[in-house]
Amino acid sequence: MKPETFLPDDYRPAEDEPFMNERQTEYFRRKLLAWKNDILAESRDTIEALQEATRNIPDVTDRASEETDRALELRTRDRQRKLVAKIDAALRRLDEGEYGYCEVTGEPISLKRLDARPIATMSLEAQERHERREKVHRDD
């Protein structure tokens, strides 16, 4: 296992340093892990809340409202489960040295885009082309 890279608390990746150097990869690794841990903590809280909320509500309207809330919460958790899988994939790309590079063009993804969307796999231009193609095919 490699030694931990020192990273100041106020560190932000900069365009004037080598792309995906040790500090940048450590920054994104920590960002991804913190995001994953937050999601998992929220999921645990949801599970606990759903277990506590299991009760028999006599009023049909109240019961329907609670079931709707429950279904919405479960849908949200399902989306977050998929997001955790994308975070895990990004962490694997970090370990393999592929993180930060567009899977279509092979070009570096901008640091601003990665900071805003750390699970991005395409550059902004490639993503826009992909979405335009998707929209055209969807309209057929």
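The preceding data block contains the structure.
Residues numbered from 1 in each chain as written. Predicted model: local features only at pLDDT ≥ 70, side-chain atom pairs only at ≥ 80, totals over all residues. Heavy atoms only, no water.

Novice: Explain the overall build of the chain here, please?
Specialist: Each helix and strand in the chain was counted, giving 4 helices and 0 strands. Start at the N end of the chain and walk to the C end: the helices and strands fall as α-α-α-α. Scaling as 2.2 N^0.38, a compact globule of 140 residues should have a C-alpha radius of gyration of about 14 Å, whereas the chain reaches 20 Å, well beyond that. Sorting the 140 residues of the chain into buried and exposed places 32% on the buried side. If you take every contact in the chain between residues at least 6 apart in sequence, the share linking residues at least 24 apart comes to 52%. Entry remark: accessible area of the chain is about 10100 Å², with carbon and sulfur atoms responsible for 51%. (Helix = DSSP H or I, 4+ residues; strand = E, 2+ residues; numbered from the N terminus. Rg over C-alpha atoms; globule rule 2.2 N^0.38 Å. Buried < 20%, exposed > 50% of the residue type's maximum accessible area, 1.4 Å probe, protein only. Contact = heavy atoms within 4.5 Å. Areas by Shrake-Rupley, 256 points an atom, 1.4 Å probe, with all protein chains shown as cover.)

Novice: Is there a simple way to think about a negative patch on the surface in this case?
Specialist: On the surface, Glu125, Glu128, Glu131 and Glu134 cluster together to form a negatively charged patch. Here glutamate 134 shows up in helix H4 (residues 124-139). (Patch = residues over 30% accessible without salt bridge, like charges linked within 9 Å, V, L, I, M, F, W, Y side chains within 5 Å. Salt bridge = Lys/Arg side-chain N within 4 Å of Asp/Glu carboxyl O. Lys, Arg positive; Asp, Glu negative; His and termini not counted. Charge placed at Lys NZ, Arg CZ, Asp CG, Glu CD.)

Novice: Even after reading the chapter, I still don't get the layout of surface pockets, so can you show me in this structure?
Specialist: Unoccupied space between atoms shows up once a probe the size of one water molecule is rolled over them. For the largest pocket, the calculated volume is near 180 Å³. No other element matches helix H2 (residues 60-96), which puts 3 residues into the lining of the largest pocket. Along the lines of polarity and charge, the residues of the lining of the largest pocket split into 4 nonpolar, 2 polar and 4 charged. (1 Å grid on protein atoms, 1.4 Å probe; cavity = no way out; pocket = protein on both sides within 12 Å on 5 of 7 lines; lining within 4 Å. Points joined across faces, edges and corners; volume = space filled by probe spheres on them. Nonpolar A, V, L, I, M, F, W, Y, C, P; charged D, E, K, R; others polar.)

Novice: So what exactly am I meant to see when it comes to the pattern of salt bridges here?
Specialist: Pairing between side chains of opposite charge can happen when the charged atoms of each approach one another. Within the structure shown, the criterion is met by 9 salt bridges. When the shortest N-O distance is used, the salt bridge between arginine 29 and glutamate 26 registers 3.9 Å. Of this pair, arginine 29 and glutamate 26 both sit in helix H1 (residues 22-52), separated by 3 residues, roughly a single helical turn. Look at glutamate 26 and you get buried, because its relative accessible area is 9%. Here lysine 31 ties to aspartate 115 by a salt bridge, and the two come within 2.9 Å at their closest N and O atoms. Here aspartate 115 lies in helix H3 (residues 111-116) and lysine 31 lies in helix H1, a separation of 84 residues in the sequence.

Novice: Looking at this structure, how should I read unusual backbone geometry?
Specialist: A positive phi angle is found at methionine 20, which is not glycine, with a value near 55 degrees. With respect to the helices and strands, methionine 20 occurs in the segment before H1. The class of methionine 20 is buried, set by a relative accessible area of 14%.

Novice: Explanation requested: the side chain of glutamine 80 in the structure shown.
Specialist: The residue glutamine 80 is located in helix H2 in this model. Its relative accessible area of 17% is what places glutamine 80 among the buried residues. Of the polar contacts made by the side chain of glutamine 80, one reaches the side chain of glutamate 42; its length is 3.3 Å. Non-local contacts of glutamine 80, meaning those with residues more than four positions away in its chain, are made with Ile39 and Glu42. (Polar contact = N/O pair within 3.5 Å; in protein donor to acceptor, adjacent residues only side chain to side chain.)

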